[in-house]
Amino acid sequence: MTALGKLKTFFTGPLPGPRDTGGAYDELKAANVPVTEADCRSCADPCDQDHDDYASKMTEDLDAEMRGSVKPYRRQVIISTGKTDWEKEVTEADGTLAAFLRGADEKLRSGQKQKSADKGGGTLPAGLYDQNDTRKLTILNGSHKTFSEDVTQETVIVLPDFKVIADVPRSLAGAEMLWSAALDPSYGRSGAQSRSDSLRSWVLPYSCVILLCSHKRRDKRCAIAAPVLEKTFVQYLENEGWEAHTELEDLSGSPSLETSSGINPDLEIEIESKLKALRDERRVLILRNSHIGGHKFAGNVVIYTPRGASVWYGRVTPHDVQSIVVNTIVAGQVLPPILRGGLNLARPGCKTLYDW
């Protein structure tokens, strides 16, 4: 324990025990979710590792039920902006791809038959969904920059498909092009089978993606938490021997999936093969993003794996990051005490979120 940590402990008294999971571990395990009983806080309380802390800078809602606070969705897109804060409603900001894509989604999806399971959930625990439970698209802005040569074209990350699509025009026509190529809810990961557009796509070259809500205009708590969490994630990932990237790699110089499809007619198989190899890459992409809902649960962290799982954690502090890195990112298991919900987490016969 550091001298500062000892001093804090002396004045604040004895340390409490680990967070109570309230039976969540057993419920999640019964639903075939890879879970761990590890404590989500890896340091003592009071902290003995001199972690940065923002508790004194923001009020926390510790009473509201957190698990079950995630709404069902089929896909989530993160649009390049190079920013860490945005207009309060990103899909209502005139002239942005987020706004155009909202219009395209409402227009093109409205003519499709809604599924009876569109409210999601089924027999899964609260807040957990299969992406086929709904046709909903959620649209976020991200901190990554476009790597298209034309700065009026965006680079869009598509999750849980674990793909990145470049050269998307910032227009309604561009949004409709993107939707028709990759976001139609009837499509699998490989997207439309027949295309005539100019979009280029790649599998994300990372073992996982971490999203940190930093949307100050929606809630300053997220803007306070995100930079501190980013710094702490980088620290503990590097301690584990993993690379931590806070900017999307420029993939424009490597062969796109559209090039590969001319060689391999079964693109879905090729994509799956690439995804299976990613865990061993030990590379993580950390991005800041716009409002995802539940800002009262800041810090909000969403983790995606190549297998298509998303884990939504809430009330995350720097004291929890080491445990998240070790247990969720490296070992592929969920920490029940901080779980809000997630996508594709039920994994019958699988020990981790990376297993196929």
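Residues numbered from 1 in each chain as written. Predicted model: local features only at pLDDT ≥ 70, side-chain atom pairs only at ≥ 80, totals over all residues. Heavy atoms only, no water.

1. Here's the deal with the overall build of the protein
When helices and strands are tallied, the protein shows eight helices and 12 strands. A burial count over the protein gives 54% of its 356 residues as buried. Pairs at least 24 apart in sequence give 77% of the contacts found in the protein among residues at least 6 apart. In the structure as shown, the protein presents an accessible area of about 15,400 Å², 48% of it carried by carbon and sulfur atoms. (Helix = DSSP H or I, 4+ residues; strand = E, 2+ residues; numbered from the N terminus. Buried < 20%, exposed > 50% of the residue type's maximum accessible area, 1.4 Å probe, protein only. Contact = heavy atoms within 4.5 Å. Areas by Shrake-Rupley, 256 points an atom, 1.4 Å probe, with all protein chains shown as cover.)

2. Description of the packing of aromatic side chains
Scanning all chains against the criterion turns up two aromatic pairs. An angle of 70° between the planes, with centres 5.5 Å apart, marks the rings of F147 and W202 as edge-to-face. Remark: W202 occurs in strand β6 (residues 200–203) and F147 occurs in the loop between β3 (137–142) and β4 (153–159); sequence separation between them is 55 residues. Among the residues examined, W202 registers a relative accessible area of 4% and is labelled buried. (Phe/Tyr/Trp six-rings, centres within 6.5 Å; stacked < 30°, edge-to-face > 60°.)

3. Observations concerning unusual backbone geometry
Cis peptide bonds are those with omega within 30 degrees of zero, and the linkage from L159 to P160 qualifies with 5°. By secondary structure assignment, the location of P160 is in the loop between β4 and β5 (163–169). The peptide bond linking A298 to G299 adopts the cis configuration, its omega dihedral lying at 0°. Residues other than glycine seldom take positive phi values, yet F162 does so here, at roughly 65°. Its place among the elements puts F162 in the loop between β4 and β5. With a phi close to 55°, R282 is a non-glycine residue in the positive phi region. Residue position: R282 is located in the loop between α7 (267–276) and β9 (283–289).

4. Brief notes about the pattern of salt bridges
If you walk through the whole model with that rule in mind, you get 22 salt bridges. The salt bridge partner of R67 is E27, with a shortest N-O separation of 2.6 Å. Here E27 lies in helix α2 (residues 24–30) and R67 lies in the loop between α2 and β1 (75–80), a separation of 40 residues in the sequence. Owing to a relative accessible area of 17%, R67 belongs among the buried residues under this scheme. Where E268 meets R189, a salt bridge forms, and the shortest distance between an N and an O atom there is 3.6 Å. Of this pair, E268 sits in helix α7 while R189 sits in the loop between α4 (172–183) and β6, and the two are 79 residues apart along the sequence. (Salt bridge = Lys/Arg side-chain N within 4 Å of Asp/Glu carboxyl O.)

5. Quick look at helix α8 (residues 318–330)
Between the first and last C-alpha of α8 there are 17 Å, a value that for 13 residues agrees with the 18 Å anticipated at 1.5 Å per step. Maximum bend of α8: about 45°, positioned at I324. For α8, a buried count of 10 out of 13 residues is recorded, marking the element as mostly surrounded by other parts of the structure. Among all positions in α8, only P318, H319, D320, V321, S323, I324, V325, N327, T328 and I329 are buried. In this structure, the buried side of α8 is in contact with β7 (208–213), α5 (220–239), β9, β10 (301–304) and β11 (310–313). (Expected span 1.5 Å × (residues − 1). Bend = angle between axes of the 7 residues up to and from the residue.)

6. Focus: the layout of surface pockets
Its volume calculated, the largest pocket comes out at about 700 Å³. Looking at the largest pocket, it is lined by 29 residues, and the ones nearest its centre are K136, T138, I139, H291 and I292. At the level of secondary structure, the elements contributing two or more residues to the lining of the largest pocket comprise α3 (97–109) and β3. Partitioning the lining of the largest pocket into residue classes produces nine nonpolar, nine polar and 11 charged. (1 Å grid on protein atoms, 1.4 Å probe; cavity = no way out; pocket = protein on both sides within 12 Å on 5 of 7 lines; lining within 4 Å. Points joined across faces, edges and corners; volume = space filled by probe spheres on them. Nonpolar A, V, L, I, M, F, W, Y, C, P; charged D, E, K, R; others polar.)

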